[in-house]
Amino acid sequence: VDSFFVAAETWLRPELKDKDVAISKKKAKSVVCALSYSAKEKGAKVPMKLYEVQKFCPNIIVIEPNHNLYEKLSRKIYLLLKKYSIKIEIGSIDEWYLDVTHLMNKYSNPRDLAVVIQKNILKKWNITVSIGISYNKFLAKISTDLNKPFGITITEKEDIPINIWPLPIDKYIGIGKSLSTKLKSINILTIEDLAKVNGNKKILLKEILKNKLDQYIDNANGNNYFDDVDFNKKYYSQSSIGHQVTFENNYLIDLD
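Because the structure is a prediction, the values reported are computed rather than measured.

### Comments concerning the pattern of salt bridges
Next up, step 1: Summed over the entire model, instances satisfying the criterion amount to eight salt bridges.
Next up, step 2: For Glu71, the salt bridge is made with Arg75, and the minimal N-O distance between the two is 3.4 Å. With Glu71 and Arg75 both in helix α4 (residues 67-82) and four residues apart, the pair spans about one turn of that helix.
Next up, step 3: Using a relative accessible area of 37% as the deciding quantity, one classes Arg75 as partly exposed.

### Digging into the sheet that holds strand β3 (residues 61-63)
Next up, step 1: Taken in spatial order, the three strands line up as β2-β1-β3 in an open sheet, and their pairing is mixed. Edge strands, defined here as strands with exactly one partner in the open sheet, are β2 (34-35) and β3.
Next up, step 2: With two bridges connecting them, strand β1 (residues 21-23) and β2 associate as antiparallel partners. Along β2, the bridge assignment pairs Ile23 with Ala34.

### Topic: the packing of aromatic side chains
Next up, step 1: Using the criterion set out here, one finds five aromatic pairs in the structure.
Next up, step 2: Ring centres 4.4 Å apart and planes at 10° place the aromatic pair Phe5 and Tyr70 in the stacked group. Note that Phe5 is positioned in helix α1 (residues 4-12) and Tyr70 in helix α4, a separation of 65 residues in sequence. When sorted by exposure, Phe5 lands in the same class as Tyr70, which is buried.
Next up, step 3: Its guanidinium or amino end placed over the ring of Tyr37, Lys40 lies 4.6 Å from that ring's centre, counting from NZ or CZ.
Next up, step 4: Between the NZ or CZ atom of Lys137 and the centre of the ring of Tyr97, over which it lies, the distance is 5.6 Å.

### A look at the pairing of strand β4 (residues 88-92)
Next up, step 1: For β4, the buried fraction is high: four of the five residues fall into the buried class.
Next up, step 2: Between the end of β4 and the start of strand β5 (residues 95-98), which pair antiparallel, lie two residues.

### Re unusual backbone geometry
Next up, step 1: Residue Val46 is joined to Pro47 through a cis peptide bond whose omega torsion reads 10°.
Next up, step 2: Tracing the backbone shows Pro47 in the loop between α2 (37-41) and α3 (50-56).
Next up, step 3: Following Lys148, the chain continues to Pro149 via a peptide bond in cis, the omega torsion being -5°.
Next up, step 4: Here Pro149 is to be found in the loop between α6 (137-144) and β7 (152-154).
Next up, step 5: Even without being a glycine, Asn126 presents a positive backbone phi close to 60°.
Next up, step 6: Its place among the elements puts Asn126 in the loop between α5 (110-125) and β6 (131-133).
Next up, step 7: A positive phi angle is found at Asn187, which is not glycine, with a value near 70°.
Next up, step 8: Examined against the element boundaries, Asn187 turns out to sit in the loop between α8 (177-185) and α9 (191-195).

Cut-off values and rules
- Residues numbered from 1 in each chain as written.
- Predicted model: local features only at pLDDT ≥ 70, side-chain atom pairs only at ≥ 80, totals over all residues.
- Heavy atoms only, no water.
- Salt bridge = Lys/Arg side-chain N within 4 Å of Asp/Glu carboxyl O.
- Helix = DSSP H or I, 4+ residues; strand = E, 2+ residues; numbered from the N terminus.
- Buried < 20%, exposed > 50% of the residue type's maximum accessible area, 1.4 Å probe, protein only.
- Pairing = 2+ DSSP bridges.
- Phe/Tyr/Trp six-rings, centres within 6.5 Å; stacked < 30°, edge-to-face > 60°.
- Lys NZ or Arg CZ within 6 Å of the ring centre and 35° of its normal.

The following block contains the structure:
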């Protein structure tokens, strides 16, 4: 979901649409956990502190996080998506993986199905989602972020050099800040650098990635065709909701 927490609040309060909105406690040094696209376009970023965001958006509307609202809306979207495919895995409170291979005899191409899903969610809750399509979860996840908001990106094997390789190494799913710093220190700056690594640099990379080296390189080259969706994964595990967010102001609301 595009800027999920803000989208949920905007569904509840339509007057927030296209406004500068931050989801945060109302203390100057509170870390902002979500921003509207309007605020992002002005230079504000997550996870800035509120006083830093206010330098870019002096009149930003600050809303304290509402756990109950976000979880209920997330569950509703999950149930809608499950109507398309029972092979569904929760990536986070606002992200899901669907295996729709079995539906391709009903649609001329996967983009048509993605458009249907986008339109149904927009019609029901007036919120937008971005969808990435590929043959494994790694590529689909990265593709989702390439055309936000309300975008659809398809990455086939032949699209990897255009869609995936130019991205900074920080965008590689599974590479966090600490690991990306180590990779940059040996001049692995993009996903392409990782995909094409060889010679002495590969030896240095082996010291960093150890026995996961081949896995990282295979992912970067799109060589994994057996990335199954774990549709038996328990819904809303503790890790489904980001640990960086403290939710407050819970209240009940019917989202139907």
